[in-house]
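One letter stands for each residue in the lines below.
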Amino acid sequence: MAAIVDCHYCEWNDFAPLKRLTQTMLGRLRSLDPNAMPAEKELVIRSRILLGLYLTDLEAPDFQDNLREVLDILPCCTSESEQLAAGTIALHCLNWCDAAGARNLIVALSHLIDSDAIAPAHKVSWARAALYRHQLDGDRDAAERMVERMRGLASEDGVQHLRFHVQFRIGVQQLARRDLAAARATLDQVRTLMNPQRKLEVAYQKLLEAVYLLQGGDHGKARKTAEEAHAAGDMLPAMRYQLKLLVAFCAAHMADWEAASRWAADAVSHAYGRDKDIANDACLMLSAYRHASHGEAMQASACLQALLASQRQKGLSLDLYIASFPGISGPLLSLAMRERIESDFARRLILLHRLPPTDRSNAQWPWPVTVRALGRLELTVQGEQKNPAGKAQQRPMALLKALLAAGPEGAAQTLLARRLWPEAADAKPALHVTVHRLRKLLGHESAVLVRRGIVMLGEDCVWTDVDALAAVCERIERASPAAETSVLRQYSHELLDLYRGAFCDGDEESWMMPLRDGMRTRFLGAVGQLGLRLEKLGEWILAQQLYGRALKAEPLGEAIYRGLMRCACAQNDPAGAHSIYRQCRQTLSIVLGRTPSVETERLFIDLGLGTRG
C-alpha cells in the first residue's frame, strides 16, 4: 500500500483514490501492535499515510498525530535512504504548518544528501522541499546553493521523473530575483519536460508562466494563464489557495479590484493552518495596494501597518510574493519607508529582495548613494557622509554636479567634455577616467552609467534631491481636486524637506544659473499651488507653516509673502499681516532695489491693512 501511495505522488494526477487508500492504511495500522514493528517499517507506513493526508485531507485529525509520530521515529531509523524519503514527506508537511520545525529538520537531515548509500531521486526530492523552505524564508544565499546542488543531482541517472520539478523550482528562484532571461530559458525546459496528462505539472507550468508574464508587463495574458493554472491544480489542498492568490495578484495588477478581492477571499476560505494566516496577510497586501492606488493614504497606511506587524511578529512568510510581485510590493514598501511604518523591517525586506525603487522622490528608501544639491552639496554613501576635498576630487565632483543638472536622462559625452575641459582638443579620454573616479567615489559601478554616448547617474542606485523635487512638483501639479488633507500635508513636508536653497549654493559657474532659476521658479510655483489648495480647505495653520518654511529657503519669493498675509488675516491677525508686508518691502528694497509688485500692493489694500507704506 505504501508503494501505491508513492506511485500516486510520482504521477501527480488524480488523488481521489488516494483518500480511500490512506483511510484503509490508517485502519490497518490501528490493528497492529506498534511494539512488534521495526522502526524502519513503521516509518515507511506512517510517512506514506502522512503523504496521503497531505495530498488529500489537510484538516484530518490524524494528520498532526502522524506527523509527530514520523518525526519521533526518524532518528531511530537505521536506513539512511528511508530516513531521507520519510524526512522529505515530513518537510513538505512542516513547510505548510510549522516553519521553525521545517528549518530544524533541514539542519538535522541535510548531511544525508552527501551519502553514497542514498539514491539520487531521494536526494532530489529532499533538495526540492528544502529549496522551497529557503524560498519561503527569503534566504537567497541558501536557495542559490540548493539550486546549484539540484542542478548537479538532476543530471544523474534515475531522476528523469523529477527533472520537471527541479526545473520548476529553479524557475521560481529565477523569478524571485527577477532574472527574466534565465526564467525564459527555464520555462522552455519546463514545457519540454511537462507531461500534459499530469494536471499538477500543467498547473505548475502555468503558474511559472503567469509570474513570468506578470513581471514582463503582459498583465492580461498573465491573468488568463493564472486562471488556467487554477483550473488544472485545484485538486491539491495545499496548492489551491496559492493558485487563487496568484489570480488575485494578477487582477490587482490590472486594477480589477472586485475580482482581486473575490479571488483573495476565496483563497482565505481554502487555506488551512498556517496558510490561512499567510492568505490573510496577502489579502492585507492587496487591500493596501488598492487604497494606495486610489490615493487613500490613511487606509493604505493602516493596512500596511497591520501587514508588516503581522509578518514581523508571527514570522510569517510572504517573501515569495514580495519578491515575485515587485509591482505591488515595491510601492507598498516605499510607502512604509516614507510613512515610517515598521521602517526597519521594511528596509530589511527591500534589501533582502533587492527591490528596485519605485519613487524617485522617496529619500527614506535605502539608497546606496544620496546626493543633496539644493543648498550646499552633501554626499552620502551607504549611510556615511562624504566630504570630498582636495584637488584630486575636483573633477569627479564637477562631473557629479553636471550629471545632477542633466537629470535622469543624462548628458552627452561631448557636452560634458566641453563643459569640464573647455580648452582641450579631445577631452574624451579625460572624461573616461573621471567617470571611473566618480564611480569609485560613489562606491558603486552602477552609480554612473554610460549608454550610447550618454552619461547618467544610475536611477536604481543614486537618489538626488534635484530629481525628487521634480517628482514632488509633478505630483502636486497632478493632484486630484478631492485629495485628502493628509496627502496635501505630506506634499508640504516633502517639498520643504527637499528645497533647502539654490542649486549648488556657493558655486557661481555660469552654466548653473538657468538651472538654478528654473528650480527656484518651479519650487515657488508648487508652494503657491499647494498653499492655495490648503487655503481653500481652511487649513490656515498648515498653509502658514508651508509659506513660512518656504520663505526661509527663498526669501525673495513675493508670492510667499502674499500667502502669509492672507493666512494671518484669516486667523484674525492683521498686525501680523502688516508686519509680513513690511518685511517684504524691506527685503525687496535691500536685495533687489525695488518695491513690491502691483499684485502685492493690491492685496495689502484688499485685506484692509491700510494705505501703502
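Predicted model, so just to flag it, every value in this text is computed and none were measured.

**Structural notes on the packing of helix 13 (residues 237-253) against helix 14 (residues 257-269)**
Link 1 in the chain: At a minimum axis separation of 8 Å, helix 13 and helix 14 run at an interaxial angle of 165°. Considering their axes alone, helix 13 and helix 14 lie roughly antiparallel with respect to each other. Crossing angle aside, the handedness with which helix 13 passes helix 14 is left-handed. Seen from helix 13, the contacting residues are Tyr241, Lys244, Leu245, Val247, Ala248, Ala251 and Ala252; seen from helix 14, they are Trp257, Ala259, Ala260, Trp263, Ala264, Asp266 and Ala267.
Link 2 in the chain: Along the lines of polarity and charge, the residues of the contact of helix 13 with helix 14 split into twelve nonpolar, no polar and two charged.

**Some thoughts on the sheet that holds strand 6 (residues 454-457)**
Link 1 in the chain: One open sheet accounts for three strands, arranged 4-6-5; its pairing is antiparallel. The sheet is open, and its two borders are formed by strand 4 (411-412) and strand 5 (448-451), each paired with just one other strand.
Link 2 in the chain: Both strand 5 and strand 6 contribute to a ladder of four bridges, which runs antiparallel. Paired with Val448 across the two strands is Leu457, which belongs to strand 6.
Link 3 in the chain: Across the sheet, helix 20 (residues 394-406) lies against strand 4, strand 5 and strand 6, angled at about 90° from strand 6, the strand it touches most.

**Some details on the nonpolar core**
Link 1 in the chain: Among the nonpolar cores identified, the biggest contains 212 residues, and Trp126, Leu308, Val448, Leu495 and Phe503 are the most heavily contacted of them.
Link 2 in the chain: In terms of residues, this core owes the most to one element, helix 13, which gives twelve residues.
Link 3 in the chain: Beyond its immediate chain neighbours, meaning those up to four positions away, Trp126 contacts Leu84, Gly87, Thr88, Leu91, Leu105, Ile106, Leu109, Ser110 and Ile113.

**Quick look at the environment of Gly315**
Link 1 in the chain: Here Gly315 lies in the loop between helix 16 (297-314) and helix 17 (319-324).
Link 2 in the chain: C-alpha of Gly315 to C-alpha of Val107: the two residues are 208 residues apart in sequence and 19 Å apart in space.
Link 3 in the chain: Sequence-distant contacts of Gly315, that is, excluding residues within four places in its chain, are made with Arg274 and Ser310.

**Remarks on helix 25 (residues 512-536)**
Link 1 in the chain: Compared with an ideal rise of 1.5 Å per residue, which puts 25 residues at 36 Å, helix 25 spans 36 Å between its outermost C-alpha atoms and is within 8% of the ideal.
Link 2 in the chain: Here helix 25 has its buried residues at Met512, Arg516, Met519, Phe523, Leu524, Ala526, Val527, Leu530, Gly531, Arg533, Leu534 and Glu535.
Link 3 in the chain: Close packing links the buried residues of helix 25 with helix 20, helix 23 (465-478), helix 24 (485-498), helix 26 (540-553) and helix 27 (558-570).
Link 4 in the chain: One or two residues past the end of helix 25 sits Gly538, with phi positive at roughly 75°.

**Examining unusual backbone geometry**
What you tend to see is this: most non-glycine residues have negative phi, and most peptide bonds are trans.
Link 1 in the chain: Phi at Arg178 is positive, roughly 60°, even though this residue is not glycine.
Link 2 in the chain: Positionally, Arg178 belongs in the loop between helix 9 (163-176) and helix 10 (180-193).
Link 3 in the chain: Even without being glycine, Cys504 reaches a positive phi, approximately 45°.
Link 4 in the chain: Along the polypeptide, Cys504 turns up in the loop between helix 24 and helix 25.
Link 5 in the chain: Look at Cys504 and you get buried, because its relative accessible area is 1%.

**Considering the sheet that holds strand 3 (residues 384-386)**
Link 1 in the chain: Across the sheet, which stays open at both edges, the four strands sit in the order 3-2-1-7 with mixed pairing between neighbours. Only two strands of the sheet have a single partner each, and these edge strands are strand 3 and strand 7 (462-464). Neighbouring strand axes in the sheet, compared pairwise and without regard to direction, differ in orientation by 25° on average.
Link 2 in the chain: Pairing of strand 1 (residues 369-372) with strand 7, which is carried by three bridges, proceeds in the parallel orientation. Paired with Val369 across the two strands is Val462, which belongs to strand 7.

**Observations regarding the pairing of strand 1**
Moving residue by residue along a regular strand, the side chains alternate between the two faces of the sheet.
Link 1 in the chain: With burial as the criterion, each face of strand 1 is covered, one bearing Val369 and Val371 and the other bearing Thr370 and Arg372.
Link 2 in the chain: Counted between consecutive antiparallel strands, the loop separating strand 1 from strand 2 (residues 378-381) contains five residues, among which Gly375 sits at a positive phi close to 105°.

**Focus: a nonpolar patch on the surface**
Link 1 in the chain: A contiguous nonpolar patch, built from Ile590, Val591 and Leu592 and spanning about 300 Å² of accessible area, is present on the exposed surface.
Link 2 in the chain: With respect to the element layout, Leu592 can be found in helix 28 (residues 574-592).

**Considering the packing of aromatic side chains**
Link 1 in the chain: Taken as a whole, this structure holds eight aromatic pairs when the rule is applied.
Link 2 in the chain: A centroid spacing of 5.8 Å and a plane angle of 65° characterise the contact between Trp257 and Tyr289, whose relative ring orientation is edge-to-face. One end of the pair, Trp257, is in helix 14; the other, Tyr289, is in helix 15 (residues 274-293), and 32 residues separate them in sequence. For the residue pair Trp257 and Tyr289, the accessibility class agrees, reading buried in each case.
Link 3 in the chain: An aromatic cluster is present here, built from Phe249, Tyr321 and Phe325 joined pairwise through their rings.

**Observations regarding the pattern of salt bridges**
Link 1 in the chain: Counted by the stated rule, this structure contains 38 salt bridges.
Link 2 in the chain: Note that Glu508 is salt-bridged to Arg516, the shortest N-O span being 3.9 Å.
Link 3 in the chain: When its relative accessible area of 11% is taken as the criterion, Arg516 is described as buried.
Link 4 in the chain: Each of Arg184, Asp188, Arg191 and Glu209 takes part in salt bridges that share partners, so that together they form one network.

**Brief notes about the confidence of the model for the protein**
Link 1 in the chain: On average, residues of the protein carry a pLDDT of 88, and 96% of them reach 70 or more.
Link 2 in the chain: Ranking the elements of the protein by mean pLDDT puts helix 1 (residues 2-11) last with 49 and helix 14 first with 96.

**What about helix 9?**
Link 1 in the chain: Between its first and last C-alpha atoms helix 9 spans 20 Å; for 14 residues at 1.5 Å apiece the expected length is 20 Å, and the two agree.
Link 2 in the chain: Across the 14 residues that make up helix 9, a large majority, 13, are buried.
Link 3 in the chain: Backbone geometry just after helix 9 places Arg178 at a positive phi near 60°.

Thresholds applied
Residues numbered from 1 in each chain as written. Predicted model: local features only at pLDDT ≥ 70, side-chain atom pairs only at ≥ 80, totals over all residues. Heavy atoms only, no water. Axes fitted to C-alpha atoms, helices over the stretch in contact; angles between N-to-C directions. Helix = DSSP H or I, 4+ residues; strand = E, 2+ residues; numbered from the N terminus. Parallel < 35°, antiparallel > 145°, perpendicular 65-115°, else oblique. Left-handed = near helix turned anticlockwise from the far one by under 90°. Contact = heavy atoms within 4.5 Å. Nonpolar A, V, L, I, M, F, W, Y, C, P; charged D, E, K, R; others polar. Pairing = 2+ DSSP bridges. Core = buried A, V, L, I, M, F, W, Y, C linked by side-chain atoms within 4.5 Å. Buried < 20%, exposed > 50% of the residue type's maximum accessible area, 1.4 Å probe, protein only. Expected span 1.5 Å × (residues − 1). Patch = residues over 30% accessible without salt bridge, like charges linked within 9 Å, V, L, I, M, F, W, Y side chains within 5 Å. Areas by Shrake-Rupley, 256 points an atom, 1.4 Å probe, with all protein chains shown as cover. Salt bridge = Lys/Arg side-chain N within 4 Å of Asp/Glu carboxyl O. Phe/Tyr/Trp six-rings, centres within 6.5 Å; stacked < 30°, edge-to-face > 60°. pLDDT = per-residue confidence, 0-100.

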